[in-house]
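One letter stands for each residue in the lines below.
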Amino acid sequence: MGTRKALIAGNWKMYTTVVDGCRLALDVAKTAGNFTDREVLIAPPFTILSEVAHVLAGSDIIVASQNVCWAEKGAFTGEISPVMVRAAGGSAAIVGHSERRQIFGETDELINRRVQGALAFGLLTILCIGETLDERESGKTFEVLAAQLKKGLASLAVADMAKVVIAYEPVWAIGTGKTASKEQAQEAHAFIRETLGKIFEKTVAEQTRILYGGSVKPTNIDELMAQNDIDGALVGGAALDAESFGRIIHYQ
Ligand code: PEP
């Protein structure tokens, strides 16, 4: 992993309201520990972003939004601006999650605008990419990943990449209980790293953190984190349980 600091990120999706969300955040903070080689991030629903940020104020845990608009303000019904995320106590955003792409029809072009907006307001930006089962079975995985990277990161400069994290989340492994094998994940991560080098330059490839997401659990985190190009995890289901998420944070 070289000098890349690991990042364990929990995506709470559309789960939790204020009482259970704050309790979960507190429980995670208690079990998170004080690591110097890894960071922890939580992405609660928008409605409790500020409460969760408040509860976590004394900790090092990063608070993120699950999506973000490019504009500071305006007529964007149903959206949340990067300035709002910051004002609520967040400092990061997840962008391009497969549920946004698949269920809500978000395109690479739209996602690129979100990435640019998040960066313009200084948010750590987690860009999610990943192939569907059909795409994998028809041998298109690398083609899809390269296209999502190129389009999702369009117009970004090398310096912008210091605040970008890539999350490789094979769609077929999200919420299905099917994890990519450590070999499949490592292969995709190595390809993503190589592609970042081609789009930008070698230092970007070396320095960008690439997280794996898709049914990460306490039972598979250690072998995933042992792979050279896996720098962390984006965790859905298992992030809703403080004990499981705690164990994932404490990967060996
Ligand atoms: C996710 O939501 O990003 C995710 C990977 O979910 P799960 O861990 O439940 O598969």
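Residues numbered from 1 in each chain as written. Predicted model: local features only at pLDDT ≥ 70, side-chain atom pairs only at ≥ 80, totals over all residues. Heavy atoms only, no water.

Caption draft 1: View of the side chain of Gln186. For Gln186, the location among the structural elements is in helix H8 (residues 182-199). In this structure the side chain of Gln186 is engaged in a polar contact, spanning 2.7 Å, whose partner is the side chain of Asp229. Each residue touching Gln186, except ones within four places of it in the same chain, is listed here: Gln227, Asn228, Asp229 and Ile230. (Helix = DSSP H or I, 4+ residues; strand = E, 2+ residues; numbered from the N terminus. Polar contact = N/O pair within 3.5 Å; in protein donor to acceptor, adjacent residues only side chain to side chain. Contact = heavy atoms within 4.5 Å.)

Caption draft 2: Geometry of the site of the ligand. Neighbouring the ligand are 14 residues, the closest being Lys13, Glu169, Gly175, Ser215 and Gly236. Contacts to the ligand include Gly175, whose backbone N or O atom sits 2.6 Å from an oxygen atom. Between Gly237 and the ligand, the recorded distance is 2.8 Å, taken from a backbone N or O atom to an oxygen atom. Within the complex, 95% of the 300 Å² of free accessible area of the ligand lies under protein. Class assignment for the residues of the shell around the ligand results in 4 nonpolar, 8 polar and 2 charged. (Near = heavy atom within 4 Å. Areas by Shrake-Rupley, 256 points an atom, 1.4 Å probe, with all protein chains shown as cover. Nonpolar A, V, L, I, M, F, W, Y, C, P; charged D, E, K, R; others polar.)

These values are about where atoms sit, not about what they do.
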